[in-house]
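The lines below spell out each chain.
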Amino acid sequence: MTGVRGARAVSAAAPSSTESAPSTQSAPGSPRTPRVSRARRFTLALTAAATLAGCVSGTTETAPDATGTTASAPPSSGATGRTPQGTLLVADFGGDTVTFVDPGRDGSGEGGAPIASVEVGTAPYGLVVGEDGRAWVATAEGVAVVDTQRRTRLGTVPYETETGPVTTGEYRGGGMGIALAPDGRHVYVGVNVPGGNGTVEVIDTATREVTGVAGVGRRPFDVDVSPDGREVYATDHDSFDVTAVDADTLRTRRMEVAPYGTEGGLGSWLKPHYAVVRPQDGRLLLPFEGERLAVLDPRTGEVTVEPMTANTHQHGAALAPDGTLLVVGTGPIGADDEDPSLTVRAPDGKERTVPLEGPHEDVAVSPDGRTAYVTGGFTRDGYWNGITVVDLNNDEKNKPIRLEAGNRPLGIAIL
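Residues numbered from 1 in each chain as written. Predicted model: local features only at pLDDT ≥ 70, side-chain atom pairs only at ≥ 80, totals over all residues. Heavy atoms only, no water.

### Focus on the pairing of strand β4 (residues 97-102)
No. 1: In terms of residue burial, β4 counts as a mostly covered element, since five of its six residues are buried.
No. 2: Sheet topology places strand β3 (residues 88-92) next to β4; five bridges connect them, and they run antiparallel. In the sheet register, alanine 91 faces β4, and the bridge partner there is valine 98.
No. 3: Taken together, β3 and the strand that follows it, β4, pair antiparallel across an intervening segment of four residues.
No. 4: Summarising the sheet, β4 and strand β5 (residues 113-119) pair through six bridges and their orientation is antiparallel. Residue pairing across strands places threonine 97 opposite glutamate 119, the latter belonging to β5. (Buried < 20%, exposed > 50% of the residue type's maximum accessible area, 1.4 Å probe, protein only. Helix = DSSP H or I, 4+ residues; strand = E, 2+ residues; numbered from the N terminus. Pairing = 2+ DSSP bridges.)

### Examining the sheet that holds strand β28 (residues 386-391)
No. 1: If you walk across this open sheet you meet the four strands as β26-β27-β28-β29, and the pairing is antiparallel. Two strands close off the open sheet at either side, each with one partner strand: β26 (363-365) and β29 (401-404). Along the sheet, successive strands turn relative to each other by an average axial angle of 25 degrees, direction set aside. (Axes fitted to C-alpha atoms, helices over the stretch in contact; angles between N-to-C directions.)

### Let's talk about the sheet that holds strand β30 (residues 409-414)
No. 1: Read across the open sheet, the four strands follow the order β5-β4-β3-β30; overall the sheet is antiparallel. Only two strands of the sheet have a single partner each, and these edge strands are β5 and β30. Each strand of the sheet is rotated relative to its neighbour by a mean of 25 degrees, with strand direction disregarded.

### Overview of the side chain of threonine 330
No. 1: Along the polypeptide, threonine 330 turns up in strand β23 (residues 325-331).
No. 2: On the basis of relative accessible area, threonine 330 is assigned to the buried category, the value being 3%.
No. 3: With near-sequence residues (within four places) excluded, threonine 330 lies in contact with Thr312, His313, His315, Pro340, Pro359, His360, Phe378 and Arg380. (Contact = heavy atoms within 4.5 Å.)

### Examining the pattern of salt bridges
No. 1: Applying the stated rule across the entire model yields 16 salt bridges.
No. 2: Measuring nitrogen to oxygen at the nearest pair gives 2.8 Å for the salt bridge that ties arginine 105 to glutamate 110.
No. 3: According to the relative accessible area criterion, glutamate 110 is partly exposed, its value standing at 40%.
No. 4: Between glutamate 170 and arginine 219 there is a salt bridge whose closest N-O contact spans 3.2 Å. With glutamate 170 in the loop between β9 (152-158) and β10 (174-180) and arginine 219 in the loop between β13 (209-215) and β14 (220-225), this residue pair connects regions lying 49 residues apart in the sequence. The pair formed by glutamate 170 and arginine 219 is uniform in burial state, with each residue classed as buried. (Salt bridge = Lys/Arg side-chain N within 4 Å of Asp/Glu carboxyl O.)

Given below as structure tokens:
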């Protein structure tokens, strides 16, 4: 494939990295009816707890009762007490757990260490935590529900979408991006279907049941919700677009987001990965290659492009309370690209970059906006088992601290 990044040409050969999709997949955007089976949900609902039950690193769990609700047993000696506020929670994509991590002195990473891990299911990817302290974790098998205070899995919500055999790795089927409605009543999870278009499944947080399914594009890396809760946005990596889903009717509309074009198709690197929703106007911000920030107006589908300066392949993104945009630069894909970094972009567009040691995937920012936590899991090779902690106020004086955490950690939340 060929493509252009700024003034540079991208090699005509498909990337050797696993980011390009398997050759067995059909062309991007090809029509496909989501494969959904209600019978499968009810069958799995009865067996999921037995299949996935258990936990590691000092946590325990009892079997669900007839209603599907799991009673939590007291944690064992490896996980005594309640989880402290400010603890980090990461999804261990290289395993079947989530790991709780003490962020160290004043959240700085100094003296920090993992606290405990809880088994959730195969290859957990994204996670989100509600105000009630429950975490919802997108795995290959279903969405696991975790009581973060007691560090115990409460159960698993199986997918209605048929995704094939449960596997691991970047192209595995199952949940990827995940988001919570502003009122906490629904969880929205992007489900990858290998070889075809994905879905967004809607979960009622009270009943822990799937209440709706909407077809979206290929490999929904990220899922976000509008500030008013009326729309859900799936960032469709392999189809160069964002799908807007009406939260009430589940009607969808696809909006192309391809500031470099779509040449190269599945073999292209120049595709959307993660997005954030800007609260003041509801626009989606999607970074590309440390060179271009695509700003999508979901009301019109119009995309405007602003320049960026990191010049590196980019994945995870987050917004600080003051509107500062944080973007993870995973490292070079071309000879002229820069090394991994964290872009810190002020609301007025001014940027600075913080060098990172090795590839990283996703980022969360502390409630006071002072500290960024960047996961080292990465969806491709080159990952490491930890979090880089960046002091956003004094990053020039204080070098980032590397904190051991989890097993190929991807998604991250601050409790």
